[in-house]
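Reading the structure
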Amino acid sequence: MTASTYVNLDYAASTPMRPEAIQAQADYDSSELAGVNPNSLHSLGRRASIRLEECRRSIARSMGARVRSSEVIFTGGGTEANVLALLGIPEGVRERDRKRDRVIVSAIEHDSILDNLPLLRAAGFRVDLVKPDRTGRVTPEALECLMGPDVALVSVMAANNETGVVQPIGDLADIAHANGALMHADAIQGWLHIPLDVGDLGVDALSIAGHKVGGPVGLGALYLKTRTPIRPRSHGGGQEAGLRPGTQDLRAAVALAAVVDAFHPQVECHRTRLSSAADALYARLCCHPRIHATMGDWTEVDRLPGIVSLYVDGMDSEELILQLDGRGYEVSAGSACSSGSLDASHVLRAMGIPRESALGSLRVSFDDRLPSGALDSFADALLEVVGE
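Residues numbered from 1 in each chain as written. Predicted model: local features only at pLDDT ≥ 70, side-chain atom pairs only at ≥ 80, totals over all residues. Heavy atoms only, no water.

Here's the deal with the sheet that holds strand S12 (residues 361-365)
Pairing is antiparallel in the open sheet, where 3 strands are placed in the order S9-S10-S12. Strands at the two margins of the open sheet, each flanked by one partner only, are strand S9 (291-293) and S12. In this sheet, neighbouring strand axes are inclined to one another by 30° on average, regardless of whether the strands run parallel or antiparallel. Note that strand S10 (residues 307-312) and S12 share 5 bridges and pair antiparallel. By the bridge assignment for S12, Val-308 is matched with Val-364. Helix-sheet contacts for helix H10 (residues 267-285) involve S9, S10 and S12, and the interaxial angle to S10 is about 15°. (Pairing = 2+ DSSP bridges. Helix = DSSP H or I, 4+ residues; strand = E, 2+ residues; numbered from the N terminus. Axes fitted to C-alpha atoms, helices over the stretch in contact; angles between N-to-C directions. Contact = heavy atoms within 4.5 Å.)

Below is the structure:
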């Protein structure tokens, strides 16, 4: 089996750069702005600063028509954006109101949230986890039961990176605000895959990352609503409104802005096409008595268009992945950030799926660049592996 025969069905982990991003970087590399610091006072530095702000405006528009470019903070990736919001906003809130010393996050968050909870506790915050229902959805009722006047921040992802289940962020934000708390959403998996408008969602902060949408690795951003209290996590230069010091990567920003400008107007069109492809794959595979959608009745759940989440009775993820890899299909067991773990997915366990079943999970993910016939041939391969 040669690399040229592989079919990459692990786009939820990371995506190849889109042609628009590659061309934008090539144009930057051959321009006078190549390598210029956008914080310099000379003519080229001022031009680089203007170009960086143009990129910031493009990204702001993708988050909603009313988003100001000053509300977009560039970071070194989605993880950094999440950490800045999770650790910085509660500190800012507590400075204004000392009784707000509690943070609520969902039990299905990415490790970039969950692995930083000990730092919150070390800073004197209490942390509560809100669990999803069996479909993987965090319900407003479940959040309401945990709310109180001591909550500083609620953080729930816009769409889960393993199951693809879209969360009712607008309803959750209403509950947070009704109790005087702020709302953060990790939209790293959902941004540019489903329409997301921070005004409609009502969030105070929202995280995104470039490499999930065909942009460069190593560039993310945090939408931070004007006047949202926050403390920086690092110091040393004053860039990005003092919240993220260090020289900005203009080359990466130019590439990501090119993707946004080309792709944002087409989000709904691609969502329709990819949802149809995912539905067809669910319908075919879930006819097998040993293959199940992780969220139960997949037809009744709001999902990201390019993620198919399954588990197989009597088989474990490692065996499935290696068998499929041998047939040329690259899939994952869930979050790539925890792919070295031998335990069951924390997301599936939080949904109430038994450990033995969760150990047989598979995530199939793709975007609009999916090769024709790839999902049909993948289904053939998986059914062959699982057997009658």
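Now that the structure is up, let's keep going.
Details of unusual backbone geometry
Even without being glycine, Leu-192 reaches a positive phi, approximately 65°. Mapped onto the fold, Leu-192 is located in the loop between strand S6 (182-186) and helix H8 (198-201). Phi angles above zero are rare outside glycine, and Ala-241 is one such case at about 60°. Residue position: Ala-241 is located in the loop between strand S8 (220-224) and helix H9 (250-263). Among the residues examined, Ala-241 registers a relative accessible area of 67% and is labelled exposed. (Buried < 20%, exposed > 50% of the residue type's maximum accessible area, 1.4 Å probe, protein only.)

Things to note about the environment of Ala-159
Locating Ala-159 in the fold gives a position in the loop between strand S5 (151-155) and helix H7 (169-178). Along the chain, Ala-159 and Ile-169 lie 10 residues apart, while their C-alpha atoms are 9.2 Å from each other. Beyond its immediate chain neighbours, meaning those up to four positions away, Ala-159 contacts Gly-164, Val-165, Val-166, Asp-186, Gln-189 and Leu-304.

A word on the packing of helix H1 (residues 19-29) against H9
At a minimum axis distance of 8 Å, the contact between H1 and H9 shows a crossing angle of 140°. In this view, H1 runs oblique relative to H9, as classed from their interaxial angle. The handedness of the crossing between H1 and H9 comes out as right-handed. In this structure, H1 uses Glu-20, Ala-21, Ala-24, Gln-25, Tyr-28 and Asp-29 to contact H9, whose residues at the interface are Leu-250, Arg-251, Ala-252, Val-254, Ala-255, Ala-258, Val-259 and Ala-262. Classifying every residue of the contact of H1 with H9 by side-chain character gives 10 nonpolar, 1 polar and 3 charged. (Parallel < 35°, antiparallel > 145°, perpendicular 65-115°, else oblique. Left-handed = near helix turned anticlockwise from the far one by under 90°. Nonpolar A, V, L, I, M, F, W, Y, C, P; charged D, E, K, R; others polar.)

Notes on the packing of aromatic side chains
Under the criterion given, the structure shown has 2 aromatic pairs. When the ring of Tyr-329 is compared with that of Phe-378, the centres are 5.9 Å apart and the planes differ by 70°; the resulting orientation is edge-to-face. With Tyr-329 in strand S11 (residues 329-330) and Phe-378 in helix H14 (residues 374-386), the pair connects residues that are 49 residues apart, well separated along the chain. Taking NZ or CZ as reference, Arg-18 lies 4.2 Å from the ring centre of Phe-263, over its face. The side chain of Arg-94 reaches across the aromatic face of Phe-125, ending 4.0 Å from its centre. (Phe/Tyr/Trp six-rings, centres within 6.5 Å; stacked < 30°, edge-to-face > 60°. Lys NZ or Arg CZ within 6 Å of the ring centre and 35° of its normal.)

Notes on the pattern of salt bridges
As enumerated under the stated definition, the model contains 25 salt bridges in all. As a salt-bridge pair, Arg-231 and Glu-95 come within 3.3 Å of each other at their nearest N and O atoms. Here the residue Arg-231 occupies a position in the loop between S8 and H9, and Glu-95 occupies one in helix H3 (residues 78-96), the gap between them amounting to 136 residues. The partly exposed category is assigned to Arg-231, whose relative accessible area is 38%. (Salt bridge = Lys/Arg side-chain N within 4 Å of Asp/Glu carboxyl O.)

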